[in-house]
Amino acid sequence: MDALVTPSLEPLIEALRSVGYTVVGPTVKDGAVRMAEIWSAEELPAGVGDAQEPGGYRLTERDDDMVFGFAAGPDSAKRYTQPPRQTLFRMRDQEIEEVEPEAPRVALLGVRACDLAAIAVQDRVFLGRHPDSAYRRRREALFLVAVNCAVPGGTCFCASMGTGPKATAGFDLAITELAAPHRFLIEPGSERGAQILTAIPHRAAEEDDLAAAQEVSRTAATRMGRQVDTTGIQDWLPAAHDHPRWTDVASRCLSCTNCTMACPTCFCSTVEDITDLSGDVAERSERWDSCFTLDFTELGGTPVRGSALARYRQWLTHKFATWYDQFGVSGCVGCGRCITWCPTGIDVTEELSCIR
Amino acid sequence: MTPAPYRVRSRRPDRADTVTLTLEPVRGRCPAFLPGQFNMIYARGVGEIPISLSGRARSGALMHTIRAVGAVSHVLCDARPGDVVGLRGPYGTAWDVPAAAGLDVVVAAGGLGLAPLRTVLRELAAHRSRYGRISLIVGTRTPMTLLYPRELARWRKSHDVDVQVIVDHPDHAWQGPVGPVTRLIDRIVFQPRRTAAFVCGPEVMMRAVADNLVRRGVPAARVALSLERNMKCGVGRCGHCQLGPLLLCLDGPVVDYQRAARLLAVREL
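Residues numbered from 1 in each chain as written. Chains lettered and ligands numbered in written order. Predicted model: local features only at pLDDT ≥ 70, side-chain atom pairs only at ≥ 80, totals over all residues. Heavy atoms only, no water.

## Focus on the overall build of chain B
A count of helices and strands for chain B gives six helices and 15 strands. Taken over C-alpha atoms, the radius of gyration comes to 18 Å for chain B, in line with the 18 Å a tight globule of 269 residues would show. Summarising its shape, the C-alpha atoms of chain B cover approximately 50 × 45 × 35 Å along the three principal directions. Within chain B, the fraction of its 269 residues that count as buried is 58%. In chain B, of all internal contacts separated by at least 6 residues, the share reaching a separation of at least 24 is 70%. By element, 49% of the accessible surface of chain B is carried by carbon and sulfur atoms, the whole surface being about 10900 Å². Charged side chains of chain B number 37 positive and 21 negative; the gap between the two group centres comes to 4 Å. (Helix = DSSP H or I, 4+ residues; strand = E, 2+ residues; numbered from the N terminus. Rg over C-alpha atoms; globule rule 2.2 N^0.38 Å. Buried < 20%, exposed > 50% of the residue type's maximum accessible area, 1.4 Å probe, protein only. Contact = heavy atoms within 4.5 Å. Areas by Shrake-Rupley, 256 points an atom, 1.4 Å probe, with all protein chains shown as cover. Lys, Arg positive; Asp, Glu negative; His and termini not counted. Charge placed at Lys NZ, Arg CZ, Asp CG, Glu CD.)

Set out below in structure tokens:
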């Protein structure tokens with residue numbers, strides 16, 4: 001099926017819901033664009049924009065009715081591919097029973113190219129040498145509706161990381177929002193995506209629709225708020241382990257873990273054990289963890305990376321360099337969340353250019 | 001990530017707060033493993049820790065020598081025959097013992113590091129004629145904390161292994177050497193360029209021994225260390241055990257010194 005044009009996303013949302021998907025899309029909540037369940041296209045943040053900078057995020061008013069006129073918010077698809085908390089198993093007497101992992105049928109509406117790239121990175125982490133069957137089930141239950149970015153944020157640098165702003169793979173449907181007149185160009189990226197499109201009233205995309213969509217992505221690529229030169233980074237970053245800049249950034253880093261929580265690829269987790277009051281049933285669960293916590297590397301009561309310097313160096317070096325050794329790709333997709341959501345405004349692109 | 005239930009078949013208190021547990025599956029057979037690999041052992045409601053395999057019992061059951069240092073290891077050390085724990089594995093890289101065929105072999109252990117090396121010694125002893133001189137050097141805190149004293153005597157007597165022990169703190173009866181285990185390297189005979197080494201112990205001890213051996217001409221690629229880091233999953237997904245580019249649960253615990261030397265040289269890596 002070829003690309004089509006539709007004036008409203010309402011039929012798409014209805015079509016997804018009718019085949020059993022919970023539709024999760026951008027909504028305005030807590031002064032930010034958050035991902036939450038939506039029932040109607042009217043809940044999309046029409047006319048909402050954002051201003052992002054190191055340590056800063058504010059919603060703005062747009063002078064049009066664009067529903068995707070903002071950049072990546074604090075939520076990514078990670079919440080749906082790797083839940084913040086999940087129960088692994090229970091042990092009762094001498095029996096250990098695996099807990100059936102939840103894999104809800106969710107359609108994520110408005111996934112940006114950077115976040116599609118992040119999902120591809122997580123696929124390598126969780127479906128690599130020891131494939132995680134729970135992750136695989138969640139992934140298969142996820143329907144991805146991408147949106148090609150029109151207005152990158154002040155902390156975006158996907159163009160530098162080669163992941164955006166146009167979605168090229170890994171989606172079921174890809175939307176480009178076009179203005180004057182306001183319309184949506186939708187392209188299928190999978191069989192089931194094409195299937196959904198058949199249920200939507202539309203007209204075929206014409207030459208000027210396709211040209212307008214191309215122009216959106218071309219313009220977006222020139223409006224990146226940040227850039228980074230990653231040439232040879234796999235070699236020079238680990239080799240710079242005693243660079244004085246680490247001391248400098250460590251003096252600003254609070255080890256608060258915000259960057260790792262907001263990052264769409266940070267996958268580190270830890271486990272927690274609980275026992276019921278009788279002491280007969282024990283349960284183990286997994287939850288998000290961060291390499292910025294002290295007990296992350298604890299060995300015999302002492303952390304291996306006891307200083308903030310060592311922890312920041314580990315995070316940045318892993319993300320941009322040693323990730324290649326482990327998973328064959330960069331751990332950074334250039335979404336800029338770690339810069340925006342750092343309470344002290346640490347900017348990875350600035351740190352890298354200083355260390356280089 | 002879900003362990004299988006294993007029953008404690010026997011519990012043998014060793015010296016120095018350590019206990020050797022022999023574990024067998026409640027259902028099914030024991031998995032195969034290679035010297036140097038580890039299992040994740042789960043104590044109900046308390047937690048799960050990586051423990052190197054220290055041998056296979058005659059019944060086929062898995063042996064683990066555990067020192068009580070944290071919450072989980074305390075509970076495991078207190079386990080009684082018949083108790084059930086969770087176990088998954090084996091995981092990780094192995095000591096490449098067959099690659100040492102035709103070479104002299106130096107096995108260097110510090111403290112509890114002798115536990116995983118026990119599987120190496122057993123492998124060497126089982127095919128004694130394939131190897132040249134075999135030396136086992138062991139460092140321990142005090143004479144009373146020496147692990148497996150009867151097996152050390154047997155390897156010395158029946159398998160032509162030069163076993164040397166050094167202690168940090170001698171007691172009044174101790175007549176042997178005192179000091180770091182590196183001091184024993186002067187006392188053993190090997191042809192450096194034709195030697196393979198297996199080293200396990202505290203990280204400072206492993207670096208000192210490996211440096212010393214390499215200085216004498218043992219190729220760094222033939223000096224194997226068993227590295228330890230915090231581990232939660234054992235299968236490369238939790239991120240805790242990273243050492244630079246390595247995920248030690250997958251790329252380790254056994255890593256050759258050619259790869260490990262520059263990583264261990266960086267403080268807090």
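## Brief notes about the sheet that holds strand 7 (residues 95–98) of chain A
All names here are of chain A. Strand order in the open sheet formed by four strands is 7-6-14-13, and the pairing between neighbours is antiparallel. Only two strands of the sheet have a single partner each, and these edge strands are strand 7 and strand 13 (269–275). Strand after strand, the sheet turns through a mean of 20° between neighbouring axes, direction not considered. (Pairing = 2+ DSSP bridges. Axes fitted to C-alpha atoms, helices over the stretch in contact; angles between N-to-C directions.)

## What about the packing of helix 11 (residues 308–327) of chain A against helix 13 (residues 348–355) of chain A?
Residues and elements named next belong to chain A. Running from N to C, helix 11 and helix 13 point in directions that differ by 90°, and their axes come no closer than 12 Å. Here helix 11 lies roughly perpendicular to helix 13, going by the angle between them. The residues of helix 13 that touch helix 11, namely those facing Tyr312, Trp315, Leu316 and Phe320, are Val348, Glu351, Leu352 and Ile355. (Parallel < 35°, antiparallel > 145°, perpendicular 65-115°, else oblique.)

## Points about the pattern of salt bridges
Residue and element names in this part refer to chain A. Scanning all chains against the criterion turns up 38 salt bridges over all chains. Put simply, glutamate 100 and arginine 137 hold a salt bridge, and the shortest N to O gap is 3.0 Å. Note that glutamate 100 is positioned in the loop between strand 7 and strand 8 (106–111) and arginine 137 in helix 4 (residues 133–140), a separation of 37 residues in sequence. Of the residues examined, arginine 137 reaches a relative accessible area of 36% and is grouped as partly exposed. Put simply, aspartate 229 and arginine 356 hold a salt bridge, and the shortest N to O gap is 4.0 Å. (Salt bridge = Lys/Arg side-chain N within 4 Å of Asp/Glu carboxyl O.)

## Some details on the state of the cysteines
Joining two cysteines, a disulfide is a covalent bond between their sulfur atoms. Tallying each qualifying case throughout the model produces zero disulfides over all chains. Of all cysteine sulfurs, the one in cysteine 158 of chain A lies closest to cysteine 156 of chain A, which takes part in no disulfide; the gap is 6.2 Å. Considering cysteine sulfurs only, cysteine 241 of chain B is the nearest to cysteine 249 of chain B, which forms no disulfide, with 3.8 Å between them. For cysteine 249 of chain B, a relative accessible area of 2% gives the class buried. (Disulfide = S-S within 2.5 Å.)

## Details of the confidence of the model for chain B
Detailed reading of the predicted coordinates is not advisable wherever pLDDT falls low. A residue-level look at chain B finds 100% of positions with pLDDT of 70 or above and a mean pLDDT of 96. Across the whole predicted complex the pTM is 0.96, and at the interface the ipTM reaches 0.94. (pLDDT = per-residue confidence, 0-100.)

## Considerations on the environment of histidine 169 of chain B
All names here are of chain B. Looking at the secondary structure, you find histidine 169 in the loop between strand 10 (161–167) and strand 11 (195–200). A relative accessible area of 51% means that histidine 169 is categorised as exposed. Considered as a pair, histidine 169 and threonine 142 are 27 residues apart in the sequence and their alpha carbons are 5.0 Å apart. Not counting chain neighbours up to four residues away, the residues in contact with histidine 169 comprise Arg141, Thr142 and Pro143.

## Remarks on helix 6 (residues 257–264) of chain B
For an α-helix the count is 3.6 residues per turn, leaving residues at separations of three or four pointing the same way. Residues and elements named next belong to chain B. Taken as a whole, helix 6 has its buried residues at Tyr257, Ala260, Leu263 and Leu264. Around the axis of helix 6, the buried residues are gathered within 135° of arc, so they sit on the same side. Opposite the buried face of helix 6, by more than 90 degrees, sit the exposed residues Gln258 and Arg262. Buried residues along helix 6 sit against helix 4 (203–215), strand 12 (223–226), strand 13 (242–243), strand 14 (246–247) and strand 15 (254–256). Where helix 6 begins, the capping side chain belongs to aspartate 256, and its oxygen is found 2.9 Å from the backbone nitrogen of glutamine 258. (Arc of directions from axis to C-beta. Polar contact = N/O pair within 3.5 Å; in protein donor to acceptor, adjacent residues only side chain to side chain.)

## Let's talk about the interface of chain B and chain A
Counting from both sides, the interface comprises 39 residues of chain B and, opposite them, 47 residues of chain A. Summed over both sides, the interface between chain B and chain A buries roughly 3500 Å², with carbon and sulfur atoms accounting for 52% of that surface. On the chain B side of the contact with chain A, Arg44, Arg237 and Glu268 of chain B bury the most area, a combined 22% of that side's loss. Our count for the chain B to chain A interface comes out at four salt bridges. When the shortest N-O distance is used, the salt bridge between arginine 284 of chain A and glutamate 48 of chain B registers 3.0 Å. Here chain B and chain A share 23 residue pairs in polar contact (both at pLDDT 80 or more) between them. Sorting the residues of the side of chain B that touches chain A by element identifies strand 1 (4–13), strand 4 (47–52), strand 7 (84–91), strand 14 and helix 5 (248–251) of chain B as the ones contributing at least two each. Of the residues forming the side of chain B that touches chain A, the biggest block, four residues, is contributed by strand 7 of chain B. (Buried area = accessible area lost by both parts, 1.4 Å probe.)

## Structural notes on unusual backbone geometry
Looking along the chain, the bond that leaves glycine 164 of chain A and enters proline 165 of chain A is cis, with omega of 5°. As for its position among the elements, proline 165 of chain A is in the loop between helix 5 (158–161) and strand 10 (173–178). Here the amide bond leading from glycine 252 of chain B into proline 253 of chain B is cis, since omega sits at 5°, within 30 degrees of zero. Non-glycine residue alanine 180 of chain A carries a positive phi angle of around 50°. Here alanine 180 of chain A lies in the loop between strand 10 and strand 11 (183–188). Judged by its relative accessible area of 76%, alanine 180 of chain A falls in the exposed class. A positive phi angle, near 55°, is found at serine 255 of chain A, a position not held by glycine. The topology assignment puts serine 255 of chain A in the loop between helix 9 (245–252) and helix 10 (258–262). When its relative accessible area of 17% is taken as the criterion, serine 255 of chain A is described as buried.

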